[in-house]
Amino acid sequence: MERWRAYLNGADPAARAGRALWQKLPSPPRCVLCAAPFRGPFAPLLRLIGKRPFTKNPRYCDFCMSRLIKAEGGAEIEMSALFADVRGSTTLAEQLGPTRMREIIDRFYTAGVDVLCQGGAMVDRFMGDQIVGYFVPLYASMHSRSAIETGLALLKATGSLPGKTPWIPIGVGVNTGEAFIGTVGRAGGLLELTAIGENINVAARLASIAEAGELVCSDAGHRARSPSCLGGTRRPIAAPDPRHGARAAR
Ligand SMILES: [Zn+2]
(Lines give C-alpha, C1' and ligand atoms only; values in the text may rest on other atoms or scores of the structure.)
Protein backbone atom coordinates (compact mmCIF):
# COMPACT_ATOMS: atom_id res chain seq x y z
CA MET A 1 0.00 0.00 0.00
CA GLU A 2 2.71 2.50 1.00
CA ARG A 3 4.81 1.60 -2.03
CA TRP A 4 1.84 2.12 -4.30
CA ARG A 5 1.09 5.45 -2.68
CA ALA A 6 4.69 6.64 -3.12
CA TYR A 7 4.75 5.40 -6.72
CA LEU A 8 1.45 7.03 -7.71
CA ASN A 9 2.44 10.24 -5.96
CA GLY A 10 5.51 10.51 -8.16
CA ALA A 11 8.32 9.06 -6.07
CA ASP A 12 9.86 7.69 -9.27
CA PRO A 13 10.85 10.76 -11.35
CA ALA A 14 12.37 8.53 -14.02
CA ALA A 15 8.93 7.11 -14.80
CA ARG A 16 7.56 10.61 -15.35
CA ALA A 17 10.54 11.67 -17.46
CA GLY A 18 10.25 8.49 -19.54
CA ARG A 19 6.59 9.05 -20.17
CA ALA A 20 7.15 12.73 -21.06
CA LEU A 21 9.41 11.45 -23.82
CA TRP A 22 7.24 8.51 -25.00
CA GLN A 23 4.15 10.65 -25.37
CA LYS A 24 5.98 13.03 -27.72
CA LEU A 25 7.06 10.22 -30.07
CA PRO A 26 4.78 9.21 -32.94
CA SER A 27 2.44 7.45 -33.24
CA PRO A 28 -0.72 5.91 -31.76
CA PRO A 29 -1.86 3.42 -30.64
CA ARG A 30 -0.01 3.80 -27.33
CA CYS A 31 0.31 1.95 -24.07
CA VAL A 32 -2.52 3.34 -21.94
CA LEU A 33 -0.17 3.67 -18.94
CA CYS A 34 3.26 4.83 -20.13
CA ALA A 35 2.11 6.27 -23.51
CA ALA A 36 4.87 4.42 -25.42
CA PRO A 37 3.91 4.37 -29.12
CA PHE A 38 3.26 0.96 -30.69
CA ARG A 39 3.65 2.37 -34.21
CA GLY A 40 5.95 4.86 -35.87
CA PRO A 41 9.69 5.05 -36.44
CA PHE A 42 10.65 4.46 -32.78
CA ALA A 43 8.41 1.47 -32.19
CA PRO A 44 11.03 -1.15 -33.19
CA LEU A 45 13.53 0.38 -30.73
CA LEU A 46 10.96 0.56 -27.96
CA ARG A 47 10.03 -3.07 -28.51
CA LEU A 48 13.58 -3.94 -27.47
CA ILE A 49 12.93 -2.53 -24.01
CA GLY A 50 9.60 -4.29 -23.61
CA LYS A 51 7.39 -1.48 -24.90
CA ARG A 52 5.44 -3.77 -27.19
CA PRO A 53 1.73 -4.58 -26.91
CA PHE A 54 1.02 -7.20 -24.24
CA THR A 55 -0.49 -10.14 -26.12
CA LYS A 56 -3.52 -10.75 -23.93
CA ASN A 57 -4.29 -7.10 -23.42
CA PRO A 58 -2.72 -5.02 -26.21
CA ARG A 59 -3.78 -1.73 -24.63
CA TYR A 60 -0.81 -2.13 -22.27
CA CYS A 61 2.86 -2.67 -23.07
CA ASP A 62 4.68 -5.76 -21.77
CA PHE A 63 6.78 -3.60 -19.46
CA CYS A 64 3.83 -1.92 -17.72
CA MET A 65 1.82 -5.13 -17.52
CA SER A 66 4.67 -7.06 -15.92
CA ARG A 67 5.07 -4.27 -13.34
CA LEU A 68 1.35 -4.37 -12.60
CA ILE A 69 1.35 -8.15 -12.23
CA LYS A 70 4.33 -8.00 -9.86
CA ALA A 71 2.94 -5.17 -7.79
CA GLU A 72 -0.76 -6.16 -7.67
CA GLY A 73 -2.52 -3.82 -5.25
CA GLY A 74 -3.10 -0.11 -5.01
CA ALA A 75 -3.56 2.91 -2.74
CA GLU A 76 -5.92 5.74 -1.96
CA ILE A 77 -4.53 9.03 -3.22
CA GLU A 78 -5.73 12.43 -4.35
CA MET A 79 -6.21 12.35 -8.10
CA SER A 80 -8.40 13.73 -10.86
CA ALA A 81 -10.75 11.76 -13.07
CA LEU A 82 -12.03 12.71 -16.52
CA PHE A 83 -15.05 11.15 -18.19
CA ALA A 84 -16.00 11.99 -21.78
CA ASP A 85 -19.39 10.80 -23.06
CA VAL A 86 -20.93 10.93 -26.50
CA ARG A 87 -24.08 13.03 -26.32
CA GLY A 88 -27.25 11.74 -27.93
CA SER A 89 -25.58 8.56 -29.15
CA THR A 90 -28.91 6.76 -29.64
CA THR A 91 -30.22 9.47 -31.98
CA LEU A 92 -26.83 9.66 -33.65
CA ALA A 93 -26.82 5.89 -34.27
CA GLU A 94 -30.29 6.10 -35.79
CA GLN A 95 -29.22 8.90 -38.10
CA LEU A 96 -25.92 7.38 -39.18
CA GLY A 97 -26.62 3.67 -39.22
CA PRO A 98 -24.47 1.06 -37.45
CA THR A 99 -21.49 1.00 -39.84
CA ARG A 100 -20.98 4.74 -39.97
CA MET A 101 -21.61 4.98 -36.20
CA ARG A 102 -18.90 2.40 -35.55
CA GLU A 103 -16.46 4.37 -37.69
CA ILE A 104 -17.20 7.56 -35.79
CA ILE A 105 -16.92 5.88 -32.35
CA ASP A 106 -13.67 4.30 -33.48
CA ARG A 107 -12.33 7.66 -34.55
CA PHE A 108 -13.43 9.12 -31.19
CA TYR A 109 -11.54 6.41 -29.27
CA THR A 110 -8.39 6.83 -31.33
CA ALA A 111 -8.43 10.63 -31.07
CA GLY A 112 -9.51 10.52 -27.43
CA VAL A 113 -6.83 8.09 -26.28
CA ASP A 114 -4.19 10.15 -28.02
CA VAL A 115 -5.38 13.44 -26.49
CA LEU A 116 -5.57 11.81 -23.04
CA CYS A 117 -2.10 10.28 -23.41
CA GLN A 118 -0.68 13.65 -24.48
CA GLY A 119 -2.32 15.25 -21.45
CA GLY A 120 -0.67 12.83 -19.02
CA ALA A 121 -3.68 10.62 -18.31
CA MET A 122 -3.66 6.95 -17.61
CA VAL A 123 -6.51 5.79 -19.80
CA ASP A 124 -8.88 3.39 -18.15
CA ARG A 125 -11.65 1.80 -20.10
CA PHE A 126 -13.86 2.42 -23.05
CA MET A 127 -17.41 1.72 -22.03
CA GLY A 128 -19.87 1.92 -24.90
CA ASP A 129 -19.39 5.50 -26.00
CA GLN A 130 -17.32 6.76 -23.08
CA ILE A 131 -13.61 7.37 -22.48
CA VAL A 132 -12.19 7.55 -18.96
CA GLY A 133 -8.83 8.99 -17.92
CA TYR A 134 -7.11 9.23 -14.54
CA PHE A 135 -4.56 11.88 -13.66
CA VAL A 136 -2.18 11.08 -10.80
CA PRO A 137 0.96 12.89 -9.60
CA LEU A 138 3.08 10.08 -11.07
CA TYR A 139 2.45 11.38 -14.59
CA ALA A 140 0.77 14.75 -13.97
CA SER A 141 2.10 16.71 -11.00
CA MET A 142 -0.73 19.25 -11.29
CA HIS A 143 -3.32 16.60 -11.98
CA SER A 144 -6.39 18.76 -11.60
CA ARG A 145 -5.18 21.34 -14.06
CA SER A 146 -3.97 18.65 -16.46
CA ALA A 147 -7.38 16.96 -16.36
CA ILE A 148 -9.24 20.19 -17.18
CA GLU A 149 -6.82 21.20 -19.91
CA THR A 150 -7.04 17.71 -21.40
CA GLY A 151 -10.84 17.87 -21.28
CA LEU A 152 -10.77 21.14 -23.21
CA ALA A 153 -8.27 19.66 -25.69
CA LEU A 154 -10.63 16.74 -26.19
CA LEU A 155 -13.51 19.09 -26.96
CA LYS A 156 -11.27 20.87 -29.47
CA ALA A 157 -10.16 17.58 -31.06
CA THR A 158 -13.77 16.59 -31.63
CA GLY A 159 -14.50 19.90 -33.32
CA SER A 160 -16.49 21.38 -30.41
CA LEU A 161 -15.51 24.96 -31.12
CA PRO A 162 -17.70 28.06 -30.98
CA GLY A 163 -19.81 28.27 -34.11
CA LYS A 164 -18.72 24.84 -35.39
CA THR A 165 -20.52 21.53 -35.50
CA PRO A 166 -18.39 18.78 -33.91
CA TRP A 167 -17.86 15.56 -35.85
CA ILE A 168 -18.94 13.83 -32.66
CA PRO A 169 -20.84 15.66 -29.88
CA ILE A 170 -19.32 14.95 -26.46
CA GLY A 171 -19.69 16.21 -22.90
CA VAL A 172 -16.80 16.09 -20.41
CA GLY A 173 -16.80 15.79 -16.60
CA VAL A 174 -13.79 16.33 -14.31
CA ASN A 175 -13.54 15.80 -10.57
CA THR A 176 -10.66 15.88 -8.11
CA GLY A 177 -10.49 14.02 -4.81
CA GLU A 178 -9.36 10.93 -2.93
CA ALA A 179 -9.93 7.63 -4.69
CA PHE A 180 -8.51 4.13 -4.68
CA ILE A 181 -6.33 3.45 -7.68
CA GLY A 182 -4.80 0.06 -8.30
CA THR A 183 -5.14 -3.27 -10.00
CA VAL A 184 -8.33 -5.23 -10.41
CA GLY A 185 -8.71 -8.65 -11.98
CA ARG A 186 -6.21 -11.42 -12.37
CA ALA A 187 -2.72 -11.71 -13.71
CA GLY A 188 -2.60 -13.40 -17.10
CA GLY A 189 -4.30 -10.81 -19.20
CA LEU A 190 -7.38 -9.69 -17.35
CA LEU A 191 -5.51 -7.49 -14.91
CA GLU A 192 -6.23 -3.77 -15.32
CA LEU A 193 -5.37 -0.59 -13.50
CA THR A 194 -8.50 1.26 -12.48
CA ALA A 195 -9.81 3.78 -9.95
CA ILE A 196 -12.72 3.24 -7.60
CA GLY A 197 -14.59 5.55 -5.25
CA GLU A 198 -17.27 8.17 -4.84
CA ASN A 199 -15.06 10.86 -6.37
CA ILE A 200 -14.82 8.78 -9.54
CA ASN A 201 -18.60 8.39 -9.61
CA VAL A 202 -18.97 12.17 -9.26
CA ALA A 203 -16.77 12.69 -12.37
CA ALA A 204 -19.02 10.27 -14.27
CA ARG A 205 -22.14 12.10 -13.14
CA LEU A 206 -20.66 15.48 -14.12
CA ALA A 207 -19.97 14.10 -17.60
CA SER A 208 -23.53 12.83 -17.84
CA ILE A 209 -24.95 16.31 -17.19
CA ALA A 210 -22.50 18.14 -19.48
CA GLU A 211 -24.15 19.23 -22.68
CA ALA A 212 -22.48 18.70 -26.06
CA GLY A 213 -19.35 20.83 -26.25
CA GLU A 214 -19.19 21.43 -22.49
CA LEU A 215 -16.81 20.57 -19.71
CA VAL A 216 -18.32 20.41 -16.23
CA CYS A 217 -15.97 20.25 -13.28
CA SER A 218 -16.50 20.14 -9.53
CA ASP A 219 -15.45 22.95 -7.21
CA ALA A 220 -12.34 21.02 -6.21
CA GLY A 221 -11.14 20.82 -9.78
CA HIS A 222 -12.19 24.36 -10.46
CA ARG A 223 -10.20 25.81 -7.57
CA ALA A 224 -7.08 23.93 -8.55
CA ARG A 225 -6.88 25.02 -12.14
CA SER A 226 -5.32 28.21 -13.35
CA PRO A 227 -8.02 30.72 -14.35
CA SER A 228 -6.06 31.69 -17.43
CA CYS A 229 -6.11 28.19 -18.88
CA LEU A 230 -9.85 28.19 -19.36
CA GLY A 231 -11.40 30.09 -22.23
CA GLY A 232 -15.05 30.90 -22.69
CA THR A 233 -17.59 31.66 -20.02
CA ARG A 234 -18.58 29.65 -17.01
CA ARG A 235 -21.55 29.63 -14.77
CA PRO A 236 -22.29 27.77 -11.58
CA ILE A 237 -24.68 24.89 -11.83
CA ALA A 238 -26.27 22.54 -9.40
CA ALA A 239 -24.08 19.48 -9.66
CA PRO A 240 -25.39 16.08 -8.68
CA ASP A 241 -24.14 15.31 -5.22
CA PRO A 242 -24.12 17.90 -2.40
CA ARG A 243 -21.05 19.62 -3.78
CA HIS A 244 -21.42 22.35 -6.36
CA GLY A 245 -19.99 22.26 -9.80
CA ALA A 246 -18.82 24.82 -12.25
CA ARG A 247 -19.56 24.61 -15.90
CA ALA A 248 -17.23 25.83 -18.54
CA ALA A 249 -18.92 26.41 -21.87
CA ARG A 250 -16.60 25.31 -24.64
ZN1 LIG B 1 3.54 0.90 -20.93
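Whatever comes next refers back to the structure up there.
Residues numbered from 1 in each chain as written. Predicted model: local features only at pLDDT ≥ 70, side-chain atom pairs only at ≥ 80, totals over all residues.

**Points about the nonpolar core**
Just so we agree on the cut-off: Residues of type Ala, Val, Leu, Ile, Met, Phe, Trp, Tyr and Cys that are buried and joined through C-beta atoms within 7 Å form what is called a nonpolar core. Here exposure depends only on C-beta density: within 10 Å of a residue's C-beta, 20 or more other C-beta atoms make it buried, 12 or fewer make it exposed, and intermediate numbers make it partly exposed, the C-beta atoms being placed from the backbone. Under the DSSP-based scheme used, a helix requires at least four consecutive residues in state H or I and a strand at least two consecutive residues in state E, with every element numbered from the N terminus. The contact rule is simple: place each C-beta atom from the backbone, and if two of them lie within 7 Å, those residues are in contact.
Val136 and Val172 are the most contacted members of the largest nonpolar core, which has 60 residues in total. The dominant element in this core, judged by the number of residues it contributes, is strand 3 (residues 74-86), at 7 residues. Not counting residues up to four positions away in its chain, the partners in contact with valine 172 are Leu82, Ala84, Gly151, Leu154, Leu155, Ala207, Ala210 and Leu215.

**Some words on the packing of helix 5 (residues 89-96) against helix 6 (residues 98-118)**
Put simply, the rule reads: Fitted lines through C-alpha atoms serve as axes, helices being fitted only where they are in contact, and the angles separating the N-to-C directions of these axes extend from 0 to 180 degrees. What sets the label is the angle itself: under 35 degrees gives roughly parallel, over 145 gives roughly antiparallel, 65 to 115 gives roughly perpendicular, and the rest give oblique. Note on convention: the crossing is left-handed when the near helix lies turned anticlockwise from the far helix by less than a right angle, right-handed when the turn is clockwise. Only Asp, Glu, Lys and Arg are considered charged, only Ala, Val, Leu, Ile, Met, Phe, Trp, Tyr, Cys and Pro nonpolar, and every remaining residue, Gly among them, polar.
Between helix 5 and helix 6, the least distance of the axes is 7 Å, while the angle of their chain directions is 125°. By the angle between their directions, the pair helix 5 and helix 6 is classed as oblique. You can see that helix 5 and helix 6 cross each other, and the crossing is right-handed. Contacts between helix 5 and helix 6 involve Leu92, Ala93 and Leu96 on the former and, on the latter, Pro98, Arg100, Met101 and Ile104. A class-by-class count of the residues in the contact of helix 5 with helix 6 yields 6 nonpolar, no polar and 1 charged.

**Looking at helix 7 (residues 143-157)**
Where we set the bar: Expected helix span is given by 1.5 Å per residue-to-residue step, counting one fewer step than there are residues.
Over its 15 residues, helix 7 extends 20 Å from the first C-alpha to the last, a length consistent with the 21 Å expected when each residue adds 1.5 Å. Across the 15 residues of helix 7, 11 count as buried, placing the element largely inside the fold. Of all the positions in helix 7, only His143, Ser144, Ser146, Ala147, Ile148, Glu149, Thr150, Gly151, Leu152, Leu154 and Leu155 are classed as buried. A positive phi of about 80° marks glycine 159, the residue just after helix 7.

**Digging into the pairing of strand 6 (residues 170-184)**
Rules: Here, any two strands with at least 2 DSSP bridges between them count as paired.
Note that strand 3 and strand 6 share 13 bridges and pair antiparallel. Counterpart to alanine 84 in the pairing with strand 6 is valine 172. Sheet analysis places strand 6 next to strand 8 (residues 214-218), joined by 4 bridges and oriented parallel. Within the sheet, the bridge partner assigned to glycine 173 lies in strand 8 and is valine 216. Of the strand pairs in this sheet, strand 6 and strand 7 (residues 192-196) are connected by 5 bridges, and their pairing is antiparallel. The partner of threonine 183 across the bridge, within strand 7, is leucine 193.

**Things to note about helix 8 (residues 198-209)**
What counts is decided by this rule: Read the arc as the range of directions from the helix axis to the C-beta atoms.
Relative to the 16 Å expected for 12 residues at 1.5 Å per residue, helix 8 spans 17 Å between its end C-alpha atoms, a close match to the ideal helical length. Taken together, the buried positions of helix 8 are occupied by Asn199, Ile200, Val202, Ala203, Leu206 and Ala207. In an axial view of helix 8, the angular spread of the buried residues amounts to 155°, which keeps them on one side of the axis.

**Re the environment of phenylalanine 63**
Checked against the element boundaries, phenylalanine 63 lands in helix 4 (residues 62-71). On the basis of neighbour counts, which here come to 19 C-beta atoms within 10 Å, the residue phenylalanine 63 falls in the partly exposed class. C-alpha of phenylalanine 63 to C-alpha of cysteine 31: the two residues are 32 residues apart in sequence and 9.7 Å apart in space. Every residue in contact with phenylalanine 63, bar those within four places of it in the chain, is listed here: Ile49, Gly50 and Lys51.

**Notes on the environment of proline 58**
Within the secondary structure, proline 58 is located in strand 2 (residues 57-61). In this structure, the C-alpha to C-alpha distance between proline 58 and arginine 30, residues 28 residues apart in sequence, is 9.3 Å.

**A short note on the packing of helix 6 against helix 7**
It is at 9 Å that the axes of helix 6 and helix 7 come closest, and there the two elements cross at 150°. When the axis of helix 6 is compared with that of helix 7, the two are roughly antiparallel. In this structure, the crossing between helix 6 and helix 7 has a hand that is right-handed. For the pair helix 6 and helix 7, contact is made by Ala111, Gly112, Val115 and Leu116 and by Thr150, Ala153, Leu154 and Ala157, respectively.

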